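Residue strings, one per chain:
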Amino acid sequence: VAIAAFPVAAFLHAGELRGQEWEVAAHYILPAGSRGENLRIGGLSGLAWNPKEKRLWAVSDSRKWAQSAIFSFQLHLPDASGSPFWLEPDGGFMLAPGKENHGPLDAEGLALWTRNRFFLSHEGSKSGRLAPGIACFSASTAKPLFSLNFPDWFFPGADSPRRGLQENRGFESVAVSGDGKLLYAASESPLMQDLSNPFDGARGPVRLLRFDLKNRQAPPAQRAYIAEGDAMFGSVVD
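Values in this document were obtained by computation on a predicted structure and should not be read as measured data.

Counted according to the given criterion, the structure contains three salt bridges. Put simply, Arg55 and Asp90 hold a salt bridge, and the shortest N to O gap is 3.0 Å. One end of the pair, Arg55, is in strand β7 (residues 55–60); the other, Asp90, is in strand β9 (residues 86–94), with 35 residues separating them in the sequence. Judged by its relative accessible area of 29%, Asp90 falls in the partly exposed class. Residues joined in a network through salt bridges with shared partners are Glu53, Arg55 and Asp90.

Below is the structure:
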């Protein structure tokens, strides 16, 4: 399993599953200035593993270089001979602007769907030209193909500012079922109308969403979830 949240990857293996215990077997820090193709690698906010190609894909949520970017890596895993664990960047591309992508995206989660398509969750743009959402992109052209539909109450309204996703707390988590028919996601923090205290952006249920990818026009099924623990922002990340 590989995880990322900054340009760092860790290789883990499960211990005794009774207590859901994991331990870090090795980790690797991408050197400053690392590049995939001709793109500088910024912070990594989401990862996806392609078992057929044995390649790790990552999305950079750094908007310092104008647009979010996708990178691919070859994994060199530790073995009995003592060889180290490290990541070798072997490709990358900028996400091309399109009619549904006015960029720069604040990209967060990444999920592979088919060989040439992937889903990307994003928290919109601070310019206000792009609402938070989940979009499907082409891996061959890097252009957006379509966006999933959300009910109106996920977005602020002119007549109801206390409604919708909170600023910079939109969608981070996204995953596709093994058969490719369903997509799961969650709001990072409670919607404005779900807050138990309107002045505390962390307290309240987040919404777990399930989309039917065979019927993308249908609204997502929803379940309320109370995040455990005492997270600083009460958030659900990728």
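As summarised here, the arrangement of the four strands in space is β6-β7-β8-β9, forming an open sheet in which the pairing is antiparallel. Each of the sheet's edge strands pairs with one partner strand only, and the pair in question is β6 (44–50) and β9. The mean angle between the axes of side-by-side strands here comes to 25°, regardless of whether they run parallel or antiparallel. Examined bridge by bridge, β6 and β7 share six bridges and lie antiparallel to one another. Along β7, the bridge assignment pairs Gly46 with Val59.

Read from one edge to the other, the open sheet built from four strands follows the order β10-β11-β12-β13, with strand pairing classed as antiparallel. Of all the strands in the sheet, the pair left with one neighbour each is β10 (107–114) and β13 (144–147). Strand-to-strand twist in this sheet, taken as the mean axis angle between neighbours without regard to direction, amounts to 25°. Taken together, the six bridges between strand β11 (residues 117–122) and strand β12 (residues 133–138) define a ladder with antiparallel strand orientation. Its bridge partner being in β12, Phe118 is matched across the sheet by Phe137.

The tally for this structure, following the rule as stated, stands at 10 aromatic pairs. Geometrically, the ring pair formed by Phe93 and Phe118 is tilted, given 6.4 Å between the ring centres and 45° between the ring planes. Of this pair, Phe93 sits in strand β9 while Phe118 sits in strand β11; the two residues are 25 residues apart in sequence, bridging distant segments of the chain. Accessibility assignment for this pair places Phe93 and Phe118 in one class, buried. Look at Trp113 and Phe119: their rings are 5.0 Å apart centre to centre, the planes differ by 45°, and that puts the pair in the tilted class.

All right, on to the environment of Ala221 then. Following the sequence through the fold, Ala221 ends up in strand β17 (residues 221–225). Judged by relative accessible area, Ala221 falls into the partly exposed class, the value being 27%. Placed 12 residues apart in sequence, Ala221 and Leu209 show a C-alpha to C-alpha distance of 5.6 Å. Those residues in contact with Ala221 that sit more than four places away from it in its chain are Leu208, Leu209 and Arg210.

Rules used throughout
Residues numbered from 1 in each chain as written. Predicted model: local features only at pLDDT ≥ 70, side-chain atom pairs only at ≥ 80, totals over all residues. Heavy atoms only, no water. Salt bridge = Lys/Arg side-chain N within 4 Å of Asp/Glu carboxyl O. Helix = DSSP H or I, 4+ residues; strand = E, 2+ residues; numbered from the N terminus. Buried < 20%, exposed > 50% of the residue type's maximum accessible area, 1.4 Å probe, protein only. Pairing = 2+ DSSP bridges. Axes fitted to C-alpha atoms, helices over the stretch in contact; angles between N-to-C directions. Phe/Tyr/Trp six-rings, centres within 6.5 Å; stacked < 30°, edge-to-face > 60°. Contact = heavy atoms within 4.5 Å.

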